[in-house]
Amino acid sequence: MQRVRGAESALIFQEPMTALNPVFRVGDQIAETLLVHGRATHRDAKARAIELLRAVRITDPESHVADYPHQLSGGMRQRVLIAMALACQPSLVIADEPTTALDVTIQAEILDLLREMKSALGLSLLLITHDLGVIAETADRVAVMYAGRIVETGPVRELFRNPGHPYTRGLLASMPGGRPGQRLRAIEGSVPMLGDLPPGCAFNPRCPDRFDACTTAPPPDFPAGPAQLAKCYLHDPRFASAIRNPQSALATDAPR
Amino acid sequence: MPLVDVVHLVKHFTRDAGLFRAGTRVAAVDDVSFSIEEGETFGLVGESGSGKTTTGRCLLRLIEPSSGAVRFRGEDVLGFSKRRLREARRDMQIVFQDPYSSLNPRMRACDIVEEPLIIHKLGTRAERHARVAELFDLVGLSPVHLDRYPRQFSGGQRQRIGLARALALNPSFVILDEPVSALDVSVQAQVVNLLMDLQAQLHLTYLFIAHDLRLVEHICSRVAVMFLGKIVEMGPTAALFAAPQHPYTKALLSAIPVPDPDAPRHRVILDPASVNRDAALKEISAGHFAAI
């Protein structure tokens, strides 16, 4: 497992403030990854660390390589984490809310960097986030999760244009936008406790399009577009004639 | 007359001299002036460390400003005696950023909401309990929630408790310090709707401190952008978002991730050299000021 972790796949953590070890210099923390996987000798590990810091656009990497994490800003720490993740040229990088803790301008820089690294190194990126804007800017394909299940998957463009699952639709509709001052289209209710899921589809108590089938059994995947799958009975061919047009929810969602 | 008038507000924090370093003085809020009209939502945006939270707290004197003036209905808040300040705070309240740490975990929800009424010695026990029930209803909590503890609530519900507590004394001015940034997108919309409903219903004036510019654009009538302790741009939201003038505002607006895969992206990166730190605010168009 350790041969795969860090070498073949690497993880970028959510909190750049806590993911680095405060008592080691950042250069040593990057070098550790290289040494553990035998990608560098003690002699050239430092040079490689500096190279990596330069690759993630840290200015003056020669001096920052000897910094402790507390001497760096949040954005720079996140760059160090990205450098560590890229150290062994993994084919898969998992980024868990890599920009949630950062300011919006720094977030933009980090997303640009991730995108660049992705195309330059030809790696695959699994980006975990709650920010639909970040997804729209960065991802090729999306999977939407609700209460422990993937409720919809599809290419970014199609999923944003034509969301198949009422939850996806609700998420997109609840974003601020539209006419200023207007009420936002919130999804009513709250996410259920995982130990106490409702019968059938976990989203059914909050779903504007709920009908009889929704409470019977958790729905399997149904095709909701050319490359989209949604776990929703609205797309079950058995009910195709019986139910109203799923898009209707957007039009009928009147303010309380 | 504006409801709140902030004039040349300054807050220095001093770092005491230590064994190996001299004492330093940092201006967290550096000569900030703005005014808020009755009934409006005034947005204050900026990155972490730009001084927006400190500004908000200075208005209520939760932090004592170093110099400047804060006038509330024309009266100088900074000159208030302790007793007068307590009285004034009935009219100006704050909802804190983090609903997970701003509620006392050992108090029941009903006690948290009742506490301001007790502190201000309002009503009999029965009257207070009636008021708490009314507030719970107002913010969309049900009576079964009264006896629960904060940990039994979701983030959105906790923020509703914080809001009920702030509204208990019938304030006219509420400072909302990042009220929804700790909440999920879907819940965020619920709380934003609640804030807008309450404003219309109770004629509240809001100071909305936030870093989510999409939200600010949606609910604020005017907005001020803070950068390193100073206001660098201020104006009607629509004008400021349509034609940002200051390089920092431009960078900030271009950094907003747009939830549309086909939206054009023009990223503006802030060049620190392009910021003239000493520039004064100039009026660009009606009510739209920028320090360029």
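Relevant structure appears above.
Residues numbered from 1 in each chain as written. Chains lettered and ligands numbered in written order. Predicted model: local features only at pLDDT ≥ 70, side-chain atom pairs only at ≥ 80, totals over all residues.

A short note on the overall build of chain A
The number of helices and strands found in chain A is 9 helices and 7 strands. Each of the three principal axes of chain A carries a C-alpha extent, and together these read 70 × 45 × 35 Å. Summarising the internal contacts of chain A: among those between residues at least 6 apart in sequence, 57% fall at separations of at least 24. (Helix = DSSP H or I, 4+ residues; strand = E, 2+ residues; numbered from the N terminus. Contact = placed C-beta atoms within 7 Å.)

With respect to helix α6 (residues 185–202) of chain B
One full turn of an α-helix is made of 3.6 residues, so residues set three or four places apart face in the same direction. Spanning 18 residues, α6(B) covers 26 Å between terminal C-alpha atoms, matching the ideal 26 Å at 1.5 Å per step. Of the surrounding secondary structure, the elements contacted by the buried residues of α6(B) are α6 (132–138) and α8 (166–173) of chain A together with α5 (155–167), β7 (173–177) and α7 (213–219) of chain B. Looking one or two residues beyond α6(B), the residue adopting positive phi is B:His203, at roughly 55 degrees. (Expected span 1.5 Å × (residues − 1).)

What to know about the nonpolar core
Core analysis: the biggest nonpolar cluster contains 141 residues, and A:Ala83, B:Val113, B:Ala164, B:Leu176, B:Leu207, B:Phe208 and B:Val225 have the highest contact counts within it. Setting aside chain neighbours within four positions, we find B:Ala164 in contact with B:Val113, B:Leu135, B:Phe136, B:Leu138 and B:Val139. (Core = buried A, V, L, I, M, F, W, Y, C linked by C-beta atoms within 7 Å. Buried ≥ 20, exposed ≤ 12 C-beta atoms within 10 Å, placed from the backbone.)

Thoughts on the pairing of strand β11 (residues 282–285) of chain B
In summary, the side chains of a regular strand alternate between the two faces of the sheet. Residue and element names in this part refer to chain B. Examined bridge by bridge, β11 and strand β12 (residues 288–290) share 3 bridges and lie antiparallel to one another. Across the sheet, residue Glu283 finds its bridge partner in β12, namely Phe289. Between the antiparallel neighbours β11 and β12 lie 2 residues, among them Gly287 with a positive phi of about 75 degrees. (Pairing = 2+ DSSP bridges.)

Brief notes about the interface of chain B and chain A
It is common to give the size of an interface as the accessible area that goes away when the parts come together. At the interface, 34 residues of chain B touch 31 residues of chain A. At the level of elements, α6, α7 and α9 (247–254) of chain B are the ones that each hand at least two residues to the side of chain B that touches chain A. Ranked by residues supplied to the side of chain B that touches chain A, first place goes to α6(B) with 8 residues. Across the side of chain B that touches chain A, the residue classes break down as 17 nonpolar, 9 polar and 8 charged. (Nonpolar A, V, L, I, M, F, W, Y, C, P; charged D, E, K, R; others polar.)

Some details on the packing of helix α3 (residues 109–119) of chain B against helix α4 (residues 125–138) of chain B
Residues and elements named next belong to chain B. At a minimum axis separation of 10 Å, α3 and α4 run at an interaxial angle of 120 degrees. Taken together, the axis directions place α3 and α4 in an arrangement best described as oblique. Here α3 and α4 pass one another in a crossing that is right-handed. Across the interface between the two elements, Cys110, Val113, Glu114 and Leu117 from α3 touch Arg128, Arg131, Val132 and Leu135 from α4. Residues that form the contact of α3 with α4 fall into these classes: 5 nonpolar, no polar and 3 charged. (Axes fitted to C-alpha atoms, helices over the stretch in contact; angles between N-to-C directions. Parallel < 35°, antiparallel > 145°, perpendicular 65-115°, else oblique. Left-handed = near helix turned anticlockwise from the far one by under 90°.)

A word on the sheet that holds strand β9 (residues 222–227) of chain B
Residue and element names in this part refer to chain B. Reading across from one edge, β6-β7-β8-β3-β9-β10-β12-β11 is the order of the 8 strands in this open sheet, with mixed pairing throughout. Two strands in the sheet have a free side with no partner beyond their single neighbour: β6 (92–95) and β11. Across the sheet, the mean angle separating the axes of adjacent strands is 20 degrees when strand polarity is ignored. Sheet topology places β6 next to β7; 4 bridges connect them, and they run parallel. In the sheet register, Gln93 faces β7, and the bridge partner there is Val174. Against the sheet, α5 engages β6 and β7, with an angle of about 170 degrees to β6.

Observations concerning the environment of B:Val275
All names here are of chain B. Note that Val275 resides in the loop between α9 and β11. With 18 C-beta atoms counted inside 10 Å, the residue Val275 sits in the partly exposed group. Residues Val275 and Thr41 lie 234 residues apart in sequence; the distance between their C-alpha atoms is 28 Å. In contact with Val275, other than residues within four places in its own chain, are Pro247 and Tyr248.

So yeah, pure geometry; function would need other evidence.
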